[in-house]
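Structural overview for review
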Amino acid sequence: MTHPSESISAYLDGELHGSELSQLVDHLGSCGRCSAEMEDLQRVRAAVRSLPVLELPRGVVPDADPVVVPLRRHKGMWAGVAAAVVIAMIAIAALVTPDPQTSLYELNSRFGARASLDPAFGPAKIVVPPLVSE
Amino acid sequence: MESVPLTWEEVARVYGRKIYNFAYRLTGNPDDAHDLVQEVLIRVRRGLASYQPGSFEGWLWRITRNAFLDDIRRQKRRPTTPLPDDVDRWDRASTESADSEYARISLGDDIQKALLQLPIDFREAVVLCDVVGLSYEEIAQACAVPIGTVRSRIHRGRKMLKETLQ
C-alpha cells in the first residue's frame, strides 16, 4: 500500500483539493498508520501555532515622534515663499489634528472609527529614519 | 488586486510585528530579530520606489527571508543561540495561574528550541506557514520555489519537530 504521507500536512493546512483530497480522505479511513501520523502532525502543527505572538519591542520600528526639521538658510524670494508655505501647513495641521487628549467619542465623530482603532492615527508627524551605515 | 501600503512607515506599522515574530522564531533571539526587522524595513524603503503591483505579501516576505539568509551568510553563524531566561514571557496574561503559565512558557521554549534545530529551509517554511500564516502559494513566492517543494518542506519540518519534541 502506498501511503500519501506528504499530503497529510497539506490536508491539515487546507491546501489539498480535488481528487487528491478525496483520495487522501478515503485512504485515512482505511489506514491506521496514516491516521496516527495525521494525529501526530496535528499536535505538532497546533504546538507551533500556539507559540505566543510577541509584541514589537519599542525602538525596533523608528518612532514616529515629531522632530524639528531645520530650514536651509536660503536668502531671497523663494526662501521666503517656502517659509510661508511651511508656516501655513503647520497652522493647518494644528487646526485639523486631534489633540491627544481628545475623547474617542469625539475622534470617532470627527474622523470615523479608524481614529480610535488605529494607534498610529494622530498628530501630523515628520518622520526622519535613523541613519544607517551600509 | 491587493492594495499596497504607500510608504515604508505604513509597512512598518502594518507588518512590523509579523516580521518581528518571523525573525524571532527563525533566529531565536531578540537582538537578531530586532536587527533583521530594521534591515527589512531599509530594503522595503529602497524597494518601494520600484515595486511592481502584484503580490505585496510575496514581495515583502521574499525581502524578509533574503535579509535573513544574507545575515546568515554574512555572519557565518548558525542561529542556535541559547534562549534568554525570559523568552516568551512578554505577553503573559495576568489571569493565568503561575503553574499553567510556567508550563506554557516551558512548552514555548521547547518548541522554539526544536524550531532552531530544523534546517533553515524547513524552518522558514514551517514558520511562514504556522507563525506568519501564509498560504502555500505565498510561501512559494517568498521562497522562489514550487508549491510542491513548500509542501514537502513543511511536512518534513513537522516530522522532524515531532521527533525532537518526543
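Definitions and limits used
- Residues numbered from 1 in each chain as written.
- Chains lettered and ligands numbered in written order.
- Predicted model: local features only at pLDDT ≥ 70, side-chain atom pairs only at ≥ 80, totals over all residues.
- Helix = DSSP H or I, 4+ residues; strand = E, 2+ residues; numbered from the N terminus.
- Contact = placed C-beta atoms within 7 Å.
- Buried ≥ 20, exposed ≤ 12 C-beta atoms within 10 Å, placed from the backbone.
- Nonpolar A, V, L, I, M, F, W, Y, C, P; charged D, E, K, R; others polar.
- pLDDT = per-residue confidence, 0-100.
- Core = buried A, V, L, I, M, F, W, Y, C linked by C-beta atoms within 7 Å.
- Axes fitted to C-alpha atoms, helices over the stretch in contact; angles between N-to-C directions.
- Parallel < 35°, antiparallel > 145°, perpendicular 65-115°, else oblique.
- Left-handed = near helix turned anticlockwise from the far one by under 90°.

Digging into the overall build of chain B
Helix and strand content of chain B: seven helices and zero strands. Counted from the first residue to the last, chain B has its helices and strands arranged as α-α-α-α-α-α-α. Across chain B, contacts joining residues at least 24 apart in sequence account for 67% of those joining residues at least 6 apart.

What to know about the overall build of chain A
If you tally the helices and strands in chain A, you get six helices and zero strands. For chain A, the α and β elements follow one another from N to C terminus as α-α-α-α-α-α. Counting every position in chain A, which comprises 134 residues, the buried fraction comes to 9%.

Quick notes on the interface of chain B and chain A
Counting residues at the interface gives 33 residues for chain B and 25 residues for chain A. If you tally residues by element for the side of chain B that touches chain A, the top one is helix 1 (residues 8-27) of chain B, at nine residues. The class makeup of the residues in the side of chain B that touches chain A is 16 nonpolar, seven polar and ten charged.

Focus on unusual backbone geometry
In the Ramachandran plot, Ala-144 of chain B falls in the positive-phi region, its phi being about 55° despite a non-glycine side chain. Residue position: Ala-144 of chain B is located in the loop between helix 6 (136-143) and helix 7 (147-165).

Quick look at the confidence of the model for chain B
All names here are of chain B. Chain-level statistics for chain B give a pLDDT mean of 81 and a share of 77% at 70 or above. Of all secondary-structure elements in chain B, the lowest mean pLDDT belongs to helix 4 (residues 98-117), at 71, while helix 7 reaches the highest, 96. Note that pLDDT drops below 50 for residues 83-98; the model gives that stretch 20 contacts with residues more than four away or on any other chain. As a predicted assembly, this complex carries a pTM of 0.65 together with an ipTM value of 0.77.

Comments concerning the nonpolar core
Inside soluble globular proteins, nonpolar side chains tend to come together where they are buried. Grouped together as the largest cluster of nonpolar side chains are 49 residues, with contacts concentrated most on Ala-23, Val-37, Leu-128 and Ile-139 of chain B. Looking at this core, the elements that each hand over two or more residues are helix 3 (32-49) of chain A together with helix 1, helix 2 (30-48), helix 3 (56-75), helix 4, helix 5 (120-132), helix 6 and helix 7 of chain B. Ranked by the residues each element gives to this core, the list is headed by helix 1 of chain B, at ten residues. Once you skip the residues sitting within four places of it in the chain, Ile-139 of chain B turns out to touch Ala-125, Leu-128, Cys-129, Leu-134 and Val-150 of chain B.

Some remarks on the packing of helix 1 of chain B against helix 2 of chain B
Residues and elements named next belong to chain B. At a closest axis distance of 8 Å, the pairing of helix 1 and helix 2 adopts a crossing angle of 140°. Judged on the interaxial angle alone, helix 2 and helix 1 are oblique. The element helix 1 and its partner helix 2 pack so that their crossing is right-handed. Contacts between helix 1 and helix 2 involve Trp-8, Val-11, Ala-12, Gly-16, Ile-19, Tyr-20, Ala-23, Tyr-24 and Thr-27 from the first element and Pro-30, Asp-32, Ala-33, Leu-36, Val-37, Val-40, Leu-41, Val-44, Arg-45 and Leu-48 from the second. Taken together, the residues that form the contact of helix 1 with helix 2 break down as 15 nonpolar, two polar and two charged.

Digging into the environment of Val-127 of chain B
Residue and element names in this part refer to chain B. Relative to the elements of secondary structure, Val-127 occurs in helix 5. Residue Val-127 is classed as buried on the basis of its 24 C-beta neighbours within 10 Å. In sequence terms Val-127 and Ile-154 are 27 residues apart; their C-alpha atoms lie 9.0 Å from each other.

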